[in-house]
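# Fold and contact review
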Amino acid sequence: MGVKDDSKFEMYFVWAAVWAFGGATSITGGKDYRKMFSQYWKDTWKAVKFPHRGEVFDVYIHKQKKDFASWADIVPELAYDSTTTTMSLVTVPTMETVAVSFWLDNLLPNKHAAMLVGSAGCGKTALIN
C-alpha cells in the first residue's frame, strides 16, 4: 500500500470507528448525545476531516469519489400509491433510514448482529422487517 492508499484505508477505519463508538447514541432526556459525540469527534480526532457542516453520522464514503458524501444524496424518492398501500405500512426514506439500511444490508447477510436505538415510533421495527 502506498501513502495514498493508506489515507483511504484510514478514512474507512475512522468512519467505521465513528459508527462503532457513536452509532448507538441518541437523544435522551433532552440531550442530543449524537450531536455531542459528533462535536467531540471533530474536535479531538483531526487526521480524517469530516465535512464541516452536519454531523459525522450524516455522511458515507463514496467509493468512486473516495471522499465523504451526504446520505441525503442517495435518499430514494418515495413511491406511494394510495390505491394499493395504506400509509401506515410505508417507511418514508430519510438520511437516517438510508444509513441504517446500509448497515443492516452489510451486517446481517454476514451474520453480524445489529442494535438499533431510538425513541418509539422512529421506524426501528419497520427497518428490521
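Scope of this entry: the structure provided in the associated data block.

Thresholds applied
- Residues numbered from 1 in each chain as written.
- Predicted model: local features only at pLDDT ≥ 70, side-chain atom pairs only at ≥ 80, totals over all residues.
- Heavy atoms only, no water.
- Helix = DSSP H or I, 4+ residues; strand = E, 2+ residues; numbered from the N terminus.
- Buried < 20%, exposed > 50% of the residue type's maximum accessible area, 1.4 Å probe, protein only.
- Lys, Arg positive; Asp, Glu negative; His and termini not counted.
- Salt bridge = Lys/Arg side-chain N within 4 Å of Asp/Glu carboxyl O.
- Contact = heavy atoms within 4.5 Å.
- Phe/Tyr/Trp six-rings, centres within 6.5 Å; stacked < 30°, edge-to-face > 60°.
- Polar contact = N/O pair within 3.5 Å; in protein donor to acceptor, adjacent residues only side chain to side chain.
- Expected span 1.5 Å × (residues − 1).
- Pairing = 2+ DSSP bridges.

## A few points about the side chain of Lys-42
Checked against the element boundaries, Lys-42 lands in helix H2 (residues 33-44). Here Lys-42 is buried and forms no salt bridge, its nearest opposite-charge partner Glu-55 lying at an N-O distance of 5.6 Å. Filtering out sequence-adjacent residues up to four positions away, Lys-42 remains in contact with Phe-50, Pro-51, His-52, Arg-53, Gly-54, Glu-55 and Val-56.

## Brief notes about the packing of aromatic side chains
A complete count under the given rule lists twelve aromatic pairs for this structure. Considering the side-chain rings of Trp-19 and Trp-103, the 5.7 Å spacing of their centres and the 45° angle between planes classify their relative orientation as tilted. Of the two residues, Trp-19 sits in helix H1 (residues 3-22) while Trp-103 sits in helix H3 (residues 95-107), which places them 84 residues apart along the sequence. When the centroid spacing of 5.6 Å and the interplanar angle of 55° are considered together, the rings of Trp-71 and Phe-102 count as tilted.

## A word on the side chain of Ser-38
Relative to the helices and strands, Ser-38 resides in helix H2. By relative accessible area, which is 1% here, Ser-38 ends up buried. Of the polar contacts made by the side chain of Ser-38, one reaches the backbone nitrogen of Val-56; its length is 2.9 Å. Those residues in contact with Ser-38 that lie beyond four places of it in its chain are Gly-54, Glu-55 and Val-56.

## Here we look at H3
Taking 1.5 Å as the rise per residue, H3 with 13 residues should run 18 Å; its terminal C-alpha atoms sit 18 Å apart, in good agreement. Along H3, the positions that sit buried rather than exposed are Thr-97, Val-98, Ala-99, Val-100 and Leu-104.

## Examining the environment of Ala-120
Mapped onto the elements, Ala-120 comes out in the loop between H3 and helix H4 (124-128). For Ala-120, a relative accessible area of 79% corresponds to the exposed category. Spatially, the C-alpha atoms of Ala-120 and Phe-13 are 31 Å apart, while their sequence positions differ by 107 residues.

## Thoughts on the pairing of strand E4 (residues 67-70)
As judged from the four bridges shared by strand E3 (residues 59-62) and E4, these two strands associate in the antiparallel manner. Bridge pairing in E4 places Tyr-60 opposite Ala-69. Connecting the antiparallel pair E3 and E4 is a turn made up of four residues, with Lys-66 showing a positive phi of about 55°.

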